[in-house]
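Understanding the architecture of this molecule
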Amino acid sequence: MAKAAVKAAGQKKHENALLYDLKHNKFLLLMLVPGILFFVVFAYIPLIGIVIAFQDFSAAKGILGSPFVGFENFRFFLGSRDSFRVTFNTLFLNALFISTSMIVSIAIALMLSEVNNKWFKKGAQSLVILPHFISWAVIGLLAEAILSSDTGFINRTLVGLGLPQISFYKDAGLWPGILTFLNLWQGAGFGSIVYLAAITGIDQEIFEAARIDGASKLQSIRYITLPLLRTTAVLLLIMSMGKIFNGNFSMVYALVGSNTLLYPTTDIIDTYVYRQLMELGDLGMSSAVALYQSVLGFIMVNIANRITRKLSPESAIF
Amino acid sequence: MKAKSKIYIGNRIFTTACYIILTLLAVLCLFPFLLVLSASFTDEYTLLWEGYKLIPSKFSTGAYQLVFKTSQIGSAYLVTIFNTAVGTMASLLVTSMMSYALSIRKLRIRNGVAFFVYFTMLFSGGMVANYLLITKYLHLKDNILVYILPSLISPWNMMLLRNFFETIPESLAESAKIDGANDMHILMKIILPIAKPGLVTIGLYYALSYWNEWYKAMLYIDKENLITLQYLIMKILRNINFANTVAGSIGVSVNVPTYTSRMATVIVTIGPIVFLYPFLQKYFVKGLTVGGVKG
């Protein structure tokens, strides 16, 4: 995409692109107007809010009236006991989510591509994608039906088998696992669509040739399919790098809520900021943290992209 | 010969394993829904006594009667349907205009605009700035349009649809132009019909995000009759006043079927999605495939 920007800049040297389009592509420009207006109002104007991160902001005084305090808000966040914990949790959970969902999505796609029965294939695909259409609020309730101590399905089954109960909602150590599992449950099937599409796009003759040469199915997956999926996987990986400092607020808010017992492993930057905002009304710091997330995410995308360009240039996004 | 049959057996085992694992995964995905469905059709005592079971020993529709009689589910449904219908239409219109224009190679500023959009995927002003903009300057607090206007275009969907438009050969539009058709005519009569799978896919994504909206209700809506279904669920989940509201409105404080009615609410909320889903599934798989492979 940055390549695109460079190209656009290059075109300007010859003739002003906008002037050219005004002359020749009036209709197309007209079609862009509502969209550009939208991004200006709802994405670019709020960028002014970045200023708030450097202010002792109060809503009464507004952006123009609030005094500047330099990096005080950042210092307050980074100096607090919680900043390390919430940053670590955010990164740790996201790393778990990204790696596991990549592996499981690819595995589901591979299995679906091996299955020949059309009816079975469609049915299985429908069912594994279904949870993606359910909101985290609902998943929160589903999780309760399964995990709660007195009535939950798992504990009822354990008691039925004469085993001790597990207090899921009191044991923070279990939650990275539970969240990872639920994240897979919700998203891995949906994530497999892209990989399945890539697999379907591979020339069937390659597999045929491999089969004639005596390769087993596992071997052709290992030596043909997986290497060909690398480009897609790396592309998705780079894109997720940009969001690695942004936690899944909906998920954690729905599943953990205000259960302080679980905070040690589940409190992420986003829920922390939300609490600072709602309980303390600290507008300056929450803006500072949002900026901290964006900048770190931007750096991560660039690092990931640079590494990719060295290892396999065709997968890099810019 | 021996090696060949060994490979054959290996392949058979592998394929069978695929069938078994996929069946297990499918069951795993369906299981929580069945559990909740059965919990919603039983009475409170049975649920508390037996816990969540696949087949409850006692059948009851009491929870549903209560949900429809007492909760705000009616107004929440109306708000959510309005958002989903109007929002999806508006989003599709604006997004497809932008995506189409950006897919035309003769448009010189297209790469510049694409970067302008991509940039917003990386940097945002944060929650506070958005909150101030929406409440103080646009005055959208407690206005139903707050659900639609700020999420009119998703940059991700816009890019996806642009990739889809790019797969349509430009020669098609060119030849129509030579025949004397204007741009509007080309778009309506030639491009949009071809782009239908892409539009349906993006439309589904938008519909889903409008349907599942709760965050905006939490931030911007104080009026009870303007909240969305999902926020209602979130409130139930967080136990905010739900038991009290129910108890207060029917004048009893004991025997209130809280647990079963929560589950009934879940079923009432996700019902439409689950029913529509099989009909729409083929579109988004197709659309995502075409738009997504190119990245």
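Residues numbered from 1 in each chain as written. Chains lettered and ligands numbered in written order. Predicted model: local features only at pLDDT ≥ 70, side-chain atom pairs only at ≥ 80, totals over all residues.

**Considerations on the overall build of chain B**
Helices and strands together make up the secondary structure of chain B, namely 14 helices and zero strands. For chain B, the sequential pattern of α-helices and β-strands runs α-α-α-α-α-α-α-α-α-α-α-α-α-α. By residue count, 39% of the 295 residues in chain B fall in the buried class. When contacts within chain B are restricted to residue pairs at least 6 apart in sequence, those whose partners lie at least 24 apart make up 73%. (Helix = DSSP H or I, 4+ residues; strand = E, 2+ residues; numbered from the N terminus. Buried ≥ 20, exposed ≤ 12 C-beta atoms within 10 Å, placed from the backbone. Contact = placed C-beta atoms within 7 Å.)

**Points about the overall build of chain A**
In terms of regular secondary structure, chain A is built from 16 helices and zero strands. Computed over the C-alpha atoms, the radius of gyration of chain A is 25 Å, more than 25% above the 20 Å expected from 2.2 N^0.38 for a compact globule of 318 residues. When its C-alpha atoms are laid out on the principal axes, chain A stretches across 70 × 65 × 35 Å. A burial count over chain A gives 38% of its 318 residues as buried. (Rg over C-alpha atoms; globule rule 2.2 N^0.38 Å.)

**Focus: the interface of chain A and chain B**
Opposite the 78 residues of chain A that make contact, chain B presents 79 residues. Ranked by residue count, the leading element in the side of chain A that touches chain B is helix H3 (residues 26-44) of chain A, at 10 residues. Counted by class, the side of chain A that touches chain B contains 53 nonpolar, 20 polar and five charged residues. (Nonpolar A, V, L, I, M, F, W, Y, C, P; charged D, E, K, R; others polar.)

**So, the confidence of the model for chain B**
Keep in mind that low pLDDT regions are not for reading the predicted coordinates in detail. All names here are of chain B. Within chain B, residue pLDDT values average 81, and 86% of them lie at 70 or more. Summarising per-element confidence for chain B, the mean pLDDT is lowest in helix H13 (residues 242-250) (45) and highest in helix H4 (residues 73-103) (92). Counted against residues more than four places away or in other chains, residues 240-255, with its pLDDT under 50, gives 15 contacts. Of the regions scoring below 50 in pLDDT, residues 291-295 engages in 14 contacts with residues more than four places distant in sequence or in other chains. Taken over the whole predicted complex, pTM reads 0.82, whereas the ipTM for its chain interfaces reads 0.80. (pLDDT = per-residue confidence, 0-100.)

**Looking at the domain arrangement of chain A**
Per the domain assignment, the segments making up chain A are domain 1 (1-35) and domain 2 (78-315). For domain 1 of chain A versus domain 2 of chain A, the distance between C-alpha centres works out to 38 Å. (Domains from an automatic or database assignment.)

**Let's talk about the environment of Tyr100(B)**
Within the secondary structure, Tyr100(B) is located in helix H4. Counting along the chain gives 12 residues from Tyr100(B) to Gly112(B), while the straight-line C-alpha distance between them is 15 Å.

**Concerning the packing of helix H6 (residues 81-114) of chain A against helix H10 (residues 175-200) of chain A**
Residues and elements named next belong to chain A. Contact pair H6 / H10: the axes reach a minimum separation of 6 Å and the direction vectors enclose 45 degrees. Accordingly, the angle class assigned to the pair H6 and H10 is oblique. For H6 against H10, the interelement crossing comes out right-handed. Considering only residue class, the contact of H6 with H10 consists of 16 nonpolar, 10 polar and no charged. (Axes fitted to C-alpha atoms, helices over the stretch in contact; angles between N-to-C directions. Parallel < 35°, antiparallel > 145°, perpendicular 65-115°, else oblique. Left-handed = near helix turned anticlockwise from the far one by under 90°.)

**Some details on the packing of H4(B) against helix H7 (residues 155-166) of chain B**
Residue and element names in this part refer to chain B. Where H4 contacts H7, the two axes come as close as 8 Å, and the packing angle between them is 50 degrees. It follows that H4 is oblique to H7 by the angle criterion. Like other packed secondary-structure pairs, H4 and H7 cross with a definite hand, here right-handed. Across from Thr-95, Ser-96, Met-98, Ser-99, Tyr-100, Leu-102 and Ser-103 in H4, the residues of H7 making contact are Asn-157, Met-158, Leu-161, Arg-162, Phe-165 and Glu-166. Of the residues assigned to the contact of H4 with H7, the class counts are six nonpolar, five polar and two charged.

**Some words on the nonpolar core**
Among the nonpolar cores identified, the biggest contains 145 residues, and Val138(A) and Ile233(B) are the most heavily contacted of them. For this core, the leading source of residues is H10(A), giving 13 residues. In this view, Ile233(B) contacts Ala137(A), Val138(A), Leu141(A), Thr265(B), Val266(B) and Thr269(B); residues no more than four positions away in its chain are not counted. (Core = buried A, V, L, I, M, F, W, Y, C linked by C-beta atoms within 7 Å.)

**Thoughts on the confidence of the model for chain A**
Summarising the model, chain A shows a mean pLDDT of 85, and 93% of its residues fall at 70 or more. Confidence, expressed as mean pLDDT per element, reaches its minimum in chain A at helix H1 (residues 2-14) of chain A with 50 and its maximum at H6(A) with 93.

**Details of the environment of His139(B)**
Within the secondary structure, His139(B) is located in the loop between helix H6 (126-137) and H7. Note: C-alpha distance between His139(B) and Phe33(B) (106 residues apart in sequence) is 40 Å.

**What to know about unusual backbone geometry**
Residue and element names in this part refer to chain B. In this structure, His-139 takes a positive phi of about 50 degrees despite not being glycine. For His-139, a count of 10 C-beta atoms within 10 Å puts it in the exposed group. Positive phi values are uncommon outside glycine, yet Asp-142 reaches one of about 55 degrees. Relative to the assigned elements, Asp-142 resides in the loop between H6 and H7.

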